Amino acid sequence: MHELIRSFACPDAAALADLLARAAASLSGTGYAGLVRVDPLRETAHAVHVHAPPGDPLRVRPWLAGSGVLKLLTVSDRPVRLSRDVAAGEPGFLAAPVPLAVREHLRLWVAGRDFGDHDEHLLSRLATAGGRALEAASGLDAAARLLRGVHAFGEGRPAASH
């Protein structure tokens, strides 16, 4: 039973989400990426992971908080692409929905340059793969918790004879 529980134990979902965001930053070549969580009623959104180069030279963190892009992500089911405008402080932004079979809504985003159709396609594929990995991690974690309960309630019982 211990071996089965260990085999079902999986990476922490938060660590997996962080790794997904870092992969998006690498894929986009910008150094800026993260995840935004949208509440089930689609009224609010907040950044749950933000990767930025040291010092945040493009000031993406404050831009995320004050630009209105988070509100835009609450209502969009499709990828969101915003052009870069250095004079206006717009860093360039691309976000793709992370498909999950739960009520949670996540968006994987990258920022720091203008993005095209190819970037959108790649980020959407990464978001899809990431969604499946996050669901799998969640399912394995739930299975491990169930097995721990089975093991705890099964302790003290006589071993089955063959």
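Report on the accompanying structure. Small disclaimer: the values here were computed from a predicted structure and weren't measured.

## Examining the side chain of aspartate 119
- In this structure, aspartate 119 sits in helix H5 (residues 117–154).
- Here aspartate 119 is in contact with Leu94, Arg113 and Asp114, once residues within four sequence places are set aside.

## Focus: helix H2 (residues 13–28)
- Taking 1.5 Å per residue as the helical rise, H2 with its 16 residues ought to reach 22 Å, and the 23 Å between its terminal C-alpha atoms agrees with that figure.
- Buried within H2 are the following residues: Ala17, Leu20, Ala21, Ala24, Ala25 and Ser28. All buried residues of H2 fall inside an arc of 140 degrees around its axis, so they share one side.
- At the exit of H2 stands glycine 29, carrying a positive phi of roughly 70 degrees.

## Examining the nonpolar core
- The biggest cluster of nonpolar side chains holds 17 residues, and the ones touching the most others in it are Ala24, Leu35, Val98, Leu108, Val110, Leu123 and Leu134.
- Of all the elements, H2 adds the most residues to this core, at 4 residues.
- Non-local contacts of leucine 123, meaning those with residues more than four positions away in its chain, are made with Ala24, Leu27, Leu94, Ala95, Ala96, Leu108, Trp109 and Val110.
- Counting 15 residues, the second largest nonpolar core, distinct from the first, contains Val36, Leu64, Leu73 and Val80.

The rules we used
- Residues numbered from 1 in each chain as written.
- Predicted model: local features only at pLDDT ≥ 70, side-chain atom pairs only at ≥ 80, totals over all residues.
- Heavy atoms only, no water.
- Helix = DSSP H or I, 4+ residues; strand = E, 2+ residues; numbered from the N terminus.
- Contact = heavy atoms within 4.5 Å.
- Expected span 1.5 Å × (residues − 1).
- Buried < 20%, exposed > 50% of the residue type's maximum accessible area, 1.4 Å probe, protein only.
- Arc of directions from axis to C-beta.
- Core = buried A, V, L, I, M, F, W, Y, C linked by side-chain atoms within 4.5 Å.

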